[in-house]
Structure formats: C-alpha cells, structure tokens
Amino acid sequence: LSRTQVREFFFLWRINKFDWLVFVASALGTMFLGVEMGLALAAGLSVALALYKSAFPHTAVLGRLPSTAVYRNVKQYEDATRVPGLLLVRIDAPLFFANVAPVGDSLRKYEARANAEGAAGGGEAVRWVIVDLSPVTDLDATAVHWLGGWKRDLASRGVGLALANPSRVVADLMTKAGLVESIGRGNIYVRMHDAVAGCLAKGM
C-alpha cells in the first residue's frame, strides 16, 4: 500500500466504519483476486450497504435545548431535555415499503422505554407522540397505510399522534391519501416547538 492509501485507511476508520470496510474489501480483493474482482467486490458491498441504510434508517428521540425552541437528539446533546408526557421522535429518511417495519419497531421501543422510565421515576406516561417529518422527503403507499395504522394503534391506548414540519410533497401525499383528515389538521404543525406547545395545551 502507498503512503496515501495508508492515510486513507486510518482516515476512513475514524470517519466511517462502513466506508472503511469497503476500502479494505476492495484492497484485499484486488491483491488476492485481481483488479476486476476487487472492483466488483467493492461495488457489490457499496450497493449492499446502501440498501441496508435505506432499509434501517436512523431514528432519534428528541429533547429541547435549554432556553431555546430547538429540539435535538438526546443521545448527541446531553443538555437536551425531554418534555414530560410527550415523546418527540425524528425519522431521518424517506418512508417506503422496505423500511416502515424497522422504523415502526424503533418507535414502539422508544414509547415503551419512555413509559418505563416515567413509571420508574414517578413521571408521566406518554400522552402524545410527535414526529418530526422534516427529513422525510417521500412516502409510498405502504408508508401511508402504516402511518394510519400506527395512529389507530396509539389512539386505542389513549395516545395522540402529531406531526411536525412535513414537506410540501409529503403533506400533499398525506392529503390525497386521506391521512391528514385521519390524523386531524389540528395535529399537524409547521414547527416542532408549535407541536409541543399545542399538544401540551390539549392534554389528552
């Protein structure tokens, strides 16, 4: 390996383990299988990793930064505080048939954990789930059905669902699918902070 490749090896290890894996596989494949097989292996791994990231998108529980109307991932910002009675979550990818199941699993786990922590600390159970849709650029039919089913599941347990900051494309899709009427226009907000204030005012 050249000096440049060695530097790239350690750079990728620090920055992104997935990219590092592709780099190592490409290098080893080229060394032991030939240039064409090495490139084919790297390309195949890149496609597989891209599909994996699409099927298992990042989600996060959000908290409010002190003295602001800004909400950030509680794992990344230690001073971000959760709002009692509310579960604030963000989905960081478009929603489609391949990823709605793992996203749904993550959100259910967040709700169960929030309820368990509330019970252990003498706090409130989750009364509203608020989803920040700003990173969600698209929905397919499966995602629309899933959202509707999730809303009904929450309602059956006395939990409300609110959405914040959907894009124009997503808002239009939800309107055409009847999802806006199902969730309620009054439960869809432009900003996360507006959604928090609105849900706190409504109670349950």
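The shown structure was predicted, so the numbers you read here are calculated from the model rather than taken from an experiment. (Residues numbered from 1 in each chain as written. Predicted model: local features only at pLDDT ≥ 70, side-chain atom pairs only at ≥ 80, totals over all residues. Heavy atoms only, no water.)

**Details of the nonpolar core**
Item 1. Counting 33 residues, the largest nonpolar core has Leu95, Val129, Val131, Leu139 and Trp150 as the members making the most contacts within it.
Item 2. Broken down by secondary-structure element, the contributors of at least two residues to this core are β3 (86-91), α4 (100-120), β4 (128-132), α5 (141-156), β5 (160-164), α6 (168-176) and α7 (179-183).
Item 3. The element best represented in this core is α5, accounting for 6 residues.
Item 4. Setting aside chain neighbours within four positions, we find leucine 95 in contact with Val100, Val103, Val136, Asp138, Leu139, Asp140, Ala143 and Trp146. (Core = buried A, V, L, I, M, F, W, Y, C linked by side-chain atoms within 4.5 Å. Buried < 20%, exposed > 50% of the residue type's maximum accessible area, 1.4 Å probe, protein only. Helix = DSSP H or I, 4+ residues; strand = E, 2+ residues; numbered from the N terminus. Contact = heavy atoms within 4.5 Å.)

**A short note on the environment of leucine 39**
Item 1. Mapped onto the secondary structure, leucine 39 falls in helix α3 (residues 35-55).
Item 2. Sequence separation between leucine 39 and alanine 25 is 14 residues; the distance between their C-alpha atoms is 9.1 Å.

**Digging into the pairing of β4**
Item 1. Burial analysis of β4 places 5 of its 5 residues in the buried class, which makes it a mostly covered element.
Item 2. Neither face of β4 is open: one carries Trp128, Ile130 and Asp132, the other Val129 and Val131, and all of them are buried.
Item 3. Where β3 meets β4, 5 bridges bridge the pair, whose relative direction is parallel. Directly across from leucine 86, in β4, lies its bridge partner tryptophan 128.
Item 4. Where the polypeptide runs from β3 across α4 and back to β4, its parallel neighbour, the crossover connection is right-handed.
Item 5. With 5 bridges connecting them, β4 and β5 associate as parallel partners. What sits directly across from aspartate 132, in β5, is alanine 164.
Item 6. With α5 bridging β4 and its parallel neighbour β5, the resulting β-α-β unit is right-handed. (Pairing = 2+ DSSP bridges. Right-handed = clockwise from strand over helix to strand, strands pointing away.)

**Considering the pairing of β3**
Item 1. Counting buried positions over the 6 residues of β3 gives 6, a clear majority of the element.
Item 2. As paired strands, strand β1 (residues 59-64) and β3 are joined by 3 bridges and run antiparallel to one another. Bridging from a neighbouring strand, valine 61 pairs with valine 89 of β3.

Honestly, that's just the spatial picture; any functional story needs more than this.
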